[in-house]
Structures are given as structure tokens and as C-alpha cells.
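If you want the building blocks of each chain, they are given just below.
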Amino acid sequence: MNSFLISKYKDVEPYVPGEQPRDKKYIKLNTNESPYPPSDRVLRAVEESAKNLQLYPDPACRDLRATLAGSLGLKPGNILPTNGSDEVLSLSFMAYAHDEKPAYYADVTYGFYDVLSGLFGVKAEHFALENDFTIDINRYCGLGSGLIVIANPNAPTGIAIGVCEIEKICKESPDCVVLIDEAYVEFGAESCVGLVQKYPNLIVSRTYSKSMSLAGARLGYAIANEERIRELETLKYTLNPYSVNRTALAAGIAAVEDIEYYRNNCRLVAKTRDKTAEKLKELGFELTDSKANFVFCRHPGVPASELSDKLRKVGILVRHFTGERTNDWLRISVGTPEDMNQLIAALAKILTTNH
């Protein structure tokens, strides 16, 4: 069958989301969702918002902007709510990178960056992580114009860099927009939000999907200098001014108002992550120092693909990335303590059988 797709999109490689199976019930440790539900306050807000679903949402997201700004000590003009943090990424690639202004990012990081480069015809320059998957920030200093994108903590490695290192990049690459993707920052890393008023070339991307138990609501936001926010907002209004729906807006406000509930969940996830890491080490796994809501690990005796397949057969889903540098590794989301105990028991049995 002939394709009607225009030529510039024919070679675009789409992003492949984590598996969302429907054939049976699994312990889902493959998509970095929160194992804990939204708070009661959020559920009530969602129910109330549903009474007005016949009406468009506020395209300016004024109430949510004000709520987020108040929680961060910023102005509403420093915030742009979006349809998930992926919309922040999309708008930033559109605004600040093209064939003459490259996008600079790691060779092992969130796969959506490569997808966006392909979609928007952006020249991507990959900087290789070190052998231990750490970032050499000096590679991002002294660059010409373009877009620097750093996931902090990184995905899928979970490794974080400090605020002082991000500041060095902003200072030493002043002609680049520096986008820091903080999707996982609440689980143990340092946020660089405090730098946005000092560096007009800094954009911070945040999401409600991980720490705020709202992956299904698709809600994120950009934090930046007011001029950067206006630039991103111009593109957002050009594409879809109503990209944040009424229910997501209500949930987002209520979640910030109930922030201690979510902070406690993040602390619990981090504690479970660290306990799981210790148990994995006892089983012979090698791990990175993850500050996210997942662990990144490999076992010297069993291929990651085999571990992933065998775990799936016993009802546990994890994520295996087949890239050249990640093929030996598994990314395992942190579930409840009970979920992780079942994971460890299953792995112990698999490893014993293999021996």
C-alpha cells in the first residue's frame, strides 16, 4: 500500500513506551509509575472538576500557575503548565534547536530526545557518558548556540549531578538554552529551580507523573525566565492552547495543596529503592547510584534479556533496553515493599536455577 506520509517524516523512529499489558495482572516495575494512588484531596478535586467537563479548561492555566509559583517562591510568569513534561521537551526542541543549532545530550539518556531530534530535523550531538555512566559536564561547557538537554537524575541510569555543575554549564555556555529534565528529582537529587532567575538560558522541566502519582493525568510544567516561558507559550498556543485538560488542572492544584502526602510517598519510595539495591547486591548484581524511583542493574552471570523474560513469565515486568551500552542492564521501577520482596524472591529463584 502506498504511503501518503510526506518524505521528511518517513524515517522518523517513534518513541517506544513501556509495555502496558492487558492479558493478565502483573507487578508493573517497567514504567516508573508511582506505586501509590493520588491523595484523597486530589480524588475529590477530580470528581468535582468532572461536573464541568462540557466547558473548555482555562488555556492560561492561571490557578495552577499561581499555585505552583507560590510553592516554588516564583512568579506565575515563570511557570508554563503542559500536557506532561514531554510537551515541555517538544516545545523546547521546536524553539531552540534545528539543523544549524544542534541539540546536545548524552548517548545514554531518555530516548524521547532522539525521537524529537528526528521529528523536528534537529542535528543531535551525543556526548558519551563515562564507563560508569556518569556525565562529564565539561563537554557541555563552551558550546555555541543550540539546546543542551540533561536529564537529572538521568534515565535510565538514575545518576544525578549537582546544582553547582548545572550552574557551570549555564554560565559557560551562555548562547545555549540549557534544559534540565527533572522528572525524577524528588527521589533524592538536587533541584536547580533556584537558578532560573539568575540564568535566562535555563529551563527546568518537571512532571506530576512520578512523584505526584498522576501519570494518567498527563501533567507537567516548565520553569524558566519569563521571556523563555513566553516563547514556549507562543508555540503551545500555536499547536494546542487547551493541551492541559480541566481534570488535570484540578488534580495538579490539589496535589500541591496536599504536598506532604506526596513527599512522604517519595521518601518511602527512596527507602524501598535503597533496601532493594542492597538485596540486589547480595544476589550479585552491579548497580548504579540511582537517585530516581528505579534501579539500574546487571548481573554478571545471566543476560538481562533472559532475566526480563523469566520475570515476565512469573508476572513481574521490568524494562530491558537493547542499546549497545545498555543491553546488559535492567531498569527496575520501585514498587511497594511487598512488590520488591516478590521481585527479589523471583530473582533469587531464577539465579539459583541457572546455577
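Shown above is the structure to which this text applies.
Please read these numbers as outputs of a predicted model, since none were measured by experiment. (Residues numbered from 1 in each chain as written. Predicted model: local features only at pLDDT ≥ 70, side-chain atom pairs only at ≥ 80, totals over all residues. Heavy atoms only, no water.)

How should the overall build of the protein be read in this particular structure?
Summing up its helical and strand segments, the protein has 10 helices and 13 strands in all. Whereas a compact globule of 355 residues would reach a radius of gyration of roughly 20 Å, the protein reaches 21 Å, a difference of no more than 12%. Referenced to the eigenvectors of the C-alpha coordinate spread, the extents of the protein come out at roughly 60 × 55 × 50 Å. Within the protein, the proportion of its 355 residues that are buried is 52%. (Helix = DSSP H or I, 4+ residues; strand = E, 2+ residues; numbered from the N terminus. Rg over C-alpha atoms; globule rule 2.2 N^0.38 Å. Buried < 20%, exposed > 50% of the residue type's maximum accessible area, 1.4 Å probe, protein only.)

Is there a simple way to think about the pattern of salt bridges in this case?
In a structure, side chains of opposite charge can pair up when their charged atoms sit close to one another. Per the stated rule, a full pass over the model turns up 23 salt bridges. The salt bridge involving R41 is made with E257; its shortest N-O contact spans 3.8 Å. With R41 in helix α1 (residues 40-49) and E257 in helix α7 (residues 246-257), this residue pair connects regions lying 216 residues apart in the sequence. The partly exposed category is assigned to E257, whose relative accessible area is 47%. (Salt bridge = Lys/Arg side-chain N within 4 Å of Asp/Glu carboxyl O.)

Sorry, what's going on with unusual backbone geometry here?
What is expected of a backbone is that most residues other than glycine have negative phi and most peptide bonds are trans. Cis rather than trans, the peptide bond between N152 and P153 has omega equal to 0°. Summarising the element assignment, P153 is placed in the loop between β5 (146-151) and α5 (163-172). In this structure, P156 follows A155 across a cis peptide bond, with omega equal to 15°. Relative to the helices and strands, P156 is located in the loop between β5 and α5. Of note, N32 is a non-glycine position whose phi angle comes to about 60°, a positive value. In this structure, C61 takes a positive phi of about 50° despite not being glycine. In this structure, C61 sits in the loop between α1 and α2 (62-72).

Before we go on, may I ask you to explain the layout of surface pockets in this structure?
Which parts of space are left empty comes out when a probe the size of a water molecule is rolled across the atoms. Approximately 1100 Å³ is the volume attributed to the largest pocket. Elements represented by at least two residues in the lining of the largest pocket include exactly α3 (85-96), β3 (103-106), α4 (112-119) and β12 (319-320). It is α4 that contributes the most residues to the lining of the largest pocket, 4 residues altogether. In terms of residue class, the lining of the largest pocket is built from 18 nonpolar, 15 polar and 12 charged. Reported here for the second largest pocket is a volume of approximately 410 Å³. Lining the second largest pocket are 16 residues, with E186, R206, M212, I259 and R263 sitting closest to its centre. At the level of elements, α2, β7 (202-207) and α8 (259-282) are the ones that each hand at least two residues to the lining of the second largest pocket. Element by element, the count of residues in the lining of the second largest pocket is highest for α8, at 5 residues. (1 Å grid on protein atoms, 1.4 Å probe; cavity = no way out; pocket = protein on both sides within 12 Å on 5 of 7 lines; lining within 4 Å. Points joined across faces, edges and corners; volume = space filled by probe spheres on them. Nonpolar A, V, L, I, M, F, W, Y, C, P; charged D, E, K, R; others polar.)

Looking at this structure, how should I read the sheet that holds strand β13 (residues 330-333)?
Within a sheet, each strand pairs with its neighbour through backbone hydrogen bonds, oriented either parallel or antiparallel. An order of β9-β10-β13-β12 is seen for the 4 strands of this open sheet, with the pairing classed as antiparallel. For this open sheet the edge positions go to β9 (286-287) and β12, each flanked by a neighbour on one side alone. (Pairing = 2+ DSSP bridges.)

How should I be thinking about the nonpolar core in this particular structure?
Membership of the largest hydrophobic core comes to 56 residues, with the highest contact counts inside it found for I148, L202 and Y208. Looking at this core element by element, the count peaks at 8 residues for α7. Aside from chain neighbours lying at most four places away, what touches Y208 is L64, L68, S213, L214, A215, L219, Y221, G252, A255 and V256. Counting residues in each nonpolar core, the second largest holds 25 residues, with L89, F93, Y113 and A151 among its members. (Core = buried A, V, L, I, M, F, W, Y, C linked by side-chain atoms within 4.5 Å. Contact = heavy atoms within 4.5 Å.)

Quick question: what am I supposed to make of α7 here?
Because each turn of an α-helix spans 3.6 residues, side chains separated by three or four positions in sequence point in the same direction. End to end, α7 covers 17 Å across 12 residues, agreeing with the expected 16 Å (1.5 Å per residue, within 8%). The element α7 is largely enclosed, with a buried count of 9 among its 12 residues. Next to the buried residues of α7 lie α1, α2 and α8. You can read the cap of α7 off the contacts: a side-chain oxygen lies 3.0 Å from the backbone nitrogen of T247, and it is on N245. (Expected span 1.5 Å × (residues − 1). Polar contact = N/O pair within 3.5 Å; in protein donor to acceptor, adjacent residues only side chain to side chain.)

Hey, could you run me through the pairing of strand β8 (residues 220-224) in this one?
Where a strand is regular, its side chains alternate between the two sheet faces. Summarising burial for β8: 5 of the 5 residues are buried, a large majority. In β8, alternate side chains face the same way, and those of G220, A222 and A224 on one face and Y221 and I223 on the other are all buried. Note that strand β2 (residues 79-82) and β8 share 4 bridges and pair antiparallel. Looking across to β8, one finds that I79 is bridged to I223.

So yeah, pure geometry; function would need other evidence.
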